[in-house]
Amino acid sequence: MTTWIFILQLLGTVAFAVSGAMTALRKQMDILGVIVLGLVTAVGGGMVRDVLLGLTPPAIFSDPVTVAAAVIASVLVFIPAVRRRLLKTRRIYELTLRLADSLGLGIFTVIGAQTACGVLHDSSWFTVAFLGTMTGVGGGVLRDVLAGDLPYIFHKHIYALASLGGALVWVALHHWWSESAATIIGVAVIVAVRLLAAHFRWSLPKAKEEELI
Amino acid sequence: MTTWIFILQLLGTVAFAVSGAMTALRKQMDILGVIVLGLVTAVGGGMVRDVLLGLTPPAIFSDPVTVAAAVIASVLVFIPAVRRRLLKTRRIYELTLRLADSLGLGIFTVIGAQTACGVLHDSSWFTVAFLGTMTGVGGGVLRDVLAGDLPYIFHKHIYALASLGGALVWVALHHWWSESAATIIGVAVIVAVRLLAAHFRWSLPKAKEEELI
Amino acid sequence: MTTWIFILQLLGTVAFAVSGAMTALRKQMDILGVIVLGLVTAVGGGMVRDVLLGLTPPAIFSDPVTVAAAVIASVLVFIPAVRRRLLKTRRIYELTLRLADSLGLGIFTVIGAQTACGVLHDSSWFTVAFLGTMTGVGGGVLRDVLAGDLPYIFHKHIYALASLGGALVWVALHHWWSESAATIIGVAVIVAVRLLAAHFRWSLPKAKEEELI
C-alpha cells in the first residue's frame, strides 16, 4: 500500500510540475521561472496545508525526492527536443497529462485529508475535507496567482468539486469502514469525476450576464 | 456583551461573504467560484491572523456556524430571484450592505486586536494594532488578489486607515480604561470613519502623475 | 560584526521599501498604499520564512526599528520634493538604489539561511538554501502579486539565481569553514552576481516562441 501511494504521489507531483512548467512557458518565462513555477505548483498545496496545521517546517523540506522529481520534470518540459517529442503525439501526451493530473488531484486530496485527520484527532469532518481539498487544489491556485491568471478553480469544470467530493467520501469511509478502503475509493471517485467532467464538459451553473449588476 | 459580539460578527461575516460573492459574479464565475470567493473573503483575514500568531489550526476550522453563514450568504447572492429582489430596492440594498460591511470591518478589526493581545502578553501596541488591521482588511485583499483585481486597500477611500485608527483606539482604551469600552468605542470609530469617508468621498493624497518617473 | 549586519540590514530594508513605494507610485496609489506596499516589500520575505519555520509571531513584530525605517523610507519617496531631488541626479540615485537593493538581497538571503539553520538543526542544505532564497526574494514577489505585476523573479535577470547561489555558498562555507566567513562571502557573491548581471544584462535561456504550444 505505502509503495503504491508513494508511486502515485510521485506521478501526481510530476503531472502538477508539468502543468506549472507549461504555464511558465506560455508566459515567456526563462528556465528559472519554469522551474520555480513547476515546483510551486507541485508542492504548494501541501505546504499551505502544513502551515495551517502547525506542522512547521512543512514536510516537503525533508523530502528531497519529491522536490527533485518536480525540478527534473520542469527542466524536461523546458527542453525543446522533449517538448517536440511530446507534441508529435499530442493526443497521447494530453491523455497522459490529464490522467496523471487527475491521479495527482486524487492522491493529494486524500493525503491532505489523512494528514489533517492525524493531527486534529477530534476534528470535524468539515475541517478534514476542507484541508484535503486545499491540498489538492492549492498548488494550482498558487500557480495561477503567480502567473497572473484567474485561479483555475474559479472556471475549470468541476475541478474543485471533484476534490471536495472525494475528500468527503474519504472522511465518511474512513469513519465507518477502513482507512485503505477510504483511500482507494476516495482517489477513484476524484479521478472518475474529474475525467468524466473533462470528457463530457460538465459545468456548474453560472449567473446569466444580463442579470448581473 | 458576548451575544452582541457574536451577532455583530455574524453580520460582518455575511456582509464580507456577500462582497466576495458579488465580485465572483462580476467575474462570471460559476456557483462554486461564488461560494469559494465568498468564504475566502469572510474568513481569510482571521485565518491569516491565526497563522501569524501560531494559533494552528485556525479558529475558523472549529466554527461551523460562521462557515455556514458565509456559504449560505454566497448561495443566496447567486440565486437570480434573491438578487433581483435585492436590486429592486437598490438604495436600501446598498445602504444595508455598506452598514454591514462597516460593522464587519469594525468587529473583525477589534476581535483581531483582542486575539493578538490575548496571545502576545508583552506585545507592543504596534503588533496588536497591525494584527487587528490585518484581520479587518485581510479577507478583502485575498478576494481581490484571487479575482485578479488591485487590492481595494490600495485605492478605496480611507478603508484601511479606518481599520488602523480603530485598532489604535482599541489598544489605547484597553490599556488605560476597560476592555468593554475599548471594544464598543473601537468598533464605533471604525464604523463612523468608514461611513463618513464613503459619504463625503474623503480621499488620501496621491502623487500627481506628471511628477512620477 | 553584529553592528555591521544591523546597518547592512537596515540599508536593505530601506532599499526594498523604496522599491515597493516606487511600484505603488507607478500604480497611482495614495499615501497609504505607498506605505503598505513599501512595508510589505521590506518585511514580507522574513515574515513568510518565520511562518514556514514555525517562529510565530514573526520576528518583525518585535522589531519596531525595521518597521519604522521601512515606513519612513516609503513616506520620503512619496514627498514630491524628495523625489525631485533624487531624480535630478538620476544616475547617482539609480546606482545607490541598485547597490542598496543588491546589499539587501544579499543580507536578507544570508540572514534567512542563518535563521533556518538555527531552527532546523538537522536540516538538509537544500532546506536552508531554499529558506534563504525565499527570505531574499519573498518581499519582492509579494509586492508584485499585490500590485498585479508578474513577479519579477520570473523575468528579472538572474535575480533569484544570485540569491540561491549565495545561499548555497553560505551553506557550504558555514559547514566546512566558519560562520563569519560564510556570511561575508555569501553576501559578497550575491551582490557581485546581481551587479554584474545587471551591468552585462545577463539572462537565462528562454524557450523560443515558435516552439511553444
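Rules used throughout
- Residues numbered from 1 in each chain as written.
- Chains lettered and ligands numbered in written order.
- Predicted model: local features only at pLDDT ≥ 70, side-chain atom pairs only at ≥ 80, totals over all residues.
- Heavy atoms only, no water.
- Helix = DSSP H or I, 4+ residues; strand = E, 2+ residues; numbered from the N terminus.
- Rg over C-alpha atoms; globule rule 2.2 N^0.38 Å.
- Buried < 20%, exposed > 50% of the residue type's maximum accessible area, 1.4 Å probe, protein only.
- Lys, Arg positive; Asp, Glu negative; His and termini not counted.
- Charge placed at Lys NZ, Arg CZ, Asp CG, Glu CD.
- Phe/Tyr/Trp six-rings, centres within 6.5 Å; stacked < 30°, edge-to-face > 60°.
- Contact = heavy atoms within 4.5 Å.
- Salt bridge = Lys/Arg side-chain N within 4 Å of Asp/Glu carboxyl O.
- Polar contact = N/O pair within 3.5 Å; in protein donor to acceptor, adjacent residues only side chain to side chain.
- Buried area = accessible area lost by both parts, 1.4 Å probe.
- Least-squares fit on C-alpha atoms with pLDDT ≥ 70 in both.
- Expected span 1.5 Å × (residues − 1).
- Bend = angle between axes of the 7 residues up to and from the residue.
- Axes fitted to C-alpha atoms, helices over the stretch in contact; angles between N-to-C directions.
- Parallel < 35°, antiparallel > 145°, perpendicular 65-115°, else oblique.
- Left-handed = near helix turned anticlockwise from the far one by under 90°.
- Nonpolar A, V, L, I, M, F, W, Y, C, P; charged D, E, K, R; others polar.
- Patch = residues over 30% accessible without salt bridge, like charges linked within 9 Å, V, L, I, M, F, W, Y side chains within 5 Å.
- Areas by Shrake-Rupley, 256 points an atom, 1.4 Å probe, with all protein chains shown as cover.

**Student:** So what exactly am I meant to see when it comes to the overall build of chain A here?
**Tutor:** Helix and strand content of chain A: eight helices and zero strands. Of the regular secondary structure in chain A, the N- to C-terminal order runs α-α-α-α-α-α-α-α. At 17 Å, chain A has a C-alpha radius of gyration in line with the 17 Å of a compact globule built from 213 residues. Counting only C-alpha atoms and orienting by the principal axes, one finds that chain A spans roughly 50 × 50 × 30 Å. When the 213 residues of chain A are sorted by exposure, 52% land in the buried category. Each charge class in chain A can be summarised by its mean position, and for the 16 positive and 12 negative side chains these summaries are 13 Å apart.

**Student:** What's the story with the packing of aromatic side chains in this structure? I'm lost.
**Tutor:** The description of two aromatic rings rests on the distance between their centres and on the angle between their planes. Residue and element names in this part refer to chain A. By the definition in use, this model includes nine aromatic pairs over all chains. Here the aromatic rings of F16 and F108 are separated by 5.0 Å at their centres, their planes lie at 70 degrees, and the arrangement is edge-to-face. Taken together, the residues span a long stretch of sequence, with F16 in helix α1 (residues 2-26) and F108 in helix α5 (residues 90-119) at a distance of 92 residues. For the pair formed by F16 and F108, the shared burial category is buried.

**Student:** Help me out: how do you make sense of the interface of chain A and chain B in this one?
**Tutor:** When the parts come together, some accessible area is lost, and that loss is often what is quoted as the size of the interface. The partner chain B presents 28 residues to the 26 residues of chain A that form the contact. Taken together, the connections running from chain A to chain B amount to zero salt bridges. At the boundary of chain A with chain B, the tally comes to one residue pair in polar contact (both at pLDDT 80 or more). Listing elements by their share of the side of chain A that touches chain B, those giving two or more residues are α2 (31-53), α6 (125-147) and α7 (159-176) of chain A. Ranked by residues supplied to the side of chain A that touches chain B, first place goes to α6(A) with six residues.

**Student:** So what exactly am I meant to see when it comes to the environment of T115(B) here?
**Tutor:** Residues and elements named next belong to chain B. Structurally, T115 can be placed in helix α5 (residues 90-119). According to the relative accessible area criterion, T115 is partly exposed, its value standing at 21%. In sequence terms T115 and L53 are 62 residues apart; their C-alpha atoms lie 8.9 Å from each other. A distance of 2.7 Å separates a polar atom in the side chain of T115 from the backbone oxygen of I111.

**Student:** When you look at the interface of chain A and chain C in this model, what are you seeing that I'm missing?
**Tutor:** Contacts between chain A and chain C engage 27 residues on the former and 26 residues on the latter. Looking at the side of chain A facing chain C, the largest losses of area belong to Q28(A), L32(A) and F61(A), adding up to 26% of the total buried there. Here chain A is connected to chain C by zero salt bridges. Linking chain A to chain C there are one residue pair in polar contact (both at pLDDT 80 or more).

**Student:** Which parts of the structure should I look at to understand the relation of the copies chain A and chain B?
**Tutor:** Superposition record for chain A on chain B: RMSD 0.0 Å, screw rotation 120 degrees, translation along axis 0.0 Å. Each copy turns onto its partner about a three-fold axis. A different interface surface on each copy is seen, since only 8% of the contact residues of chain A are contact residues in chain B too.

**Student:** Which parts of the structure should I look at to understand helix α2 (residues 31-53) of chain B?
**Tutor:** An α-helical segment advances 3.6 residues per turn. Residues three or four places apart therefore align on the same side. Residues and elements named next belong to chain B. Relative to the 33 Å expected for 23 residues at 1.5 Å per residue, α2 spans 33 Å between its end C-alpha atoms, a close match to the ideal helical length. Helix geometry: α2 is bent most strongly at V43, by close to 50 degrees. Among the 23 residues that make up α2, 20 are buried, leaving the element largely enclosed by the rest of the structure. Following α2 by one or two positions, G54 has its phi on the positive side, about 80 degrees.

**Student:** Whenever I open this one, the side chain of S19(A) confuses me. Can you help?
**Tutor:** Residues and elements named next belong to chain A. Relative to the assigned elements, S19 resides in helix α1. A distance of 2.8 Å separates the side chain of S19 from the side chain of R143, its partner in a polar contact. S19 has contacts with T41 and R143, leaving out every residue within four places of it along the chain.

**Student:** Quick question: what am I supposed to make of the environment of D50(B) here?
**Tutor:** All names here are of chain B. With respect to the element layout, D50 can be found in helix α2. Note: C-alpha distance between D50 and T115 (65 residues apart in sequence) is 8.6 Å. Setting aside residues no more than four positions away along its own chain, D50 makes contact with L55, P58, A59 and T115.

**Student:** What's the story with unusual backbone geometry in this structure? I'm lost.
**Tutor:** For residues besides glycine, phi is generally negative; the peptide bonds are generally trans as well. Here the phi dihedral of Q28(A) falls at roughly 65 degrees; this positive angle occurs in a residue that is not glycine. Within the secondary structure layout, Q28(A) lies in the loop between α1 and α2.

**Student:** Is there a simple way to think about the pattern of salt bridges in this case?
**Tutor:** If charged atoms from side chains of opposite charge come close, those side chains can pair. Taken as a whole and judged by the stated rule, the model has 15 salt bridges over all chains. Close ionic contact of R49(A) with D50(A) constitutes a salt bridge, the shortest N to O distance being 3.0 Å. Across the pair, D50(A) and R49(A) agree in class, each one buried. For R26(B), the salt bridge identified is with D149(B), shortest N-O distance 3.5 Å. One end of the pair, R26(B), is in helix α1 (residues 2-26); the other, D149(B), is in the loop between α6 (125-147) and α7 (159-176), and 123 residues separate them in sequence. R26(B) sits in the exposed class, given a relative accessible area of 51%.

**Student:** Just to check I follow, could you spell out the side chain of T109(B) for this structure?
**Tutor:** For T109(B), the location among the structural elements is in helix α5. Filtering out sequence-adjacent residues up to four positions away, T109(B) remains in contact with G132(B), T133(B), G136(B), S163(B), A167(B) and I190(B).

**Student:** What's the story with the environment of A113(A) in this structure? I'm lost.
**Tutor:** Residue and element names in this part refer to chain A. Locating A113 in the fold gives a position in helix α5. Between the C-alpha atoms of A113 and A167, which are 54 residues apart in sequence, the distance is 6.5 Å. If we skip the residues at most four places from it in the chain, A113 touches V128, G132 and W170.

**Student:** So what exactly am I meant to see when it comes to the packing of helix α5 (residues 90-119) of chain C against helix α7 (residues 159-176) of chain C here?
**Tutor:** In a pair of packed helices, the angle between the axes and the distance between the axes together describe the arrangement. Residue and element names in this part refer to chain C. Relative to each other, α5 and α7 sit at 45 degrees, their axes nearing to 9 Å. The angle between α5 and α7 falls in the class oblique. In this structure, α5 meets α7 at a crossing whose hand is right-handed. Only Y159, S163, A167, W170 and H174 of α7 make contact with α5, whose side of the interface consists of D101, L105, T109, V110, A113, Q114 and C117. For the contact of α5 with α7, the per-class residue count stands at seven nonpolar, four polar and one charged.

**Student:** Sorry, what's going on with a nonpolar patch on the surface here?
**Tutor:** Residues and elements named next belong to chain A. Residues W125, L161, L164 and L168 make up a contiguous nonpolar surface patch of roughly 360 Å² in combined accessible area. If you tally residues by element for the nonpolar patch, the top one is α7, at three residues. As for its position among the elements, L164 is in helix α7.

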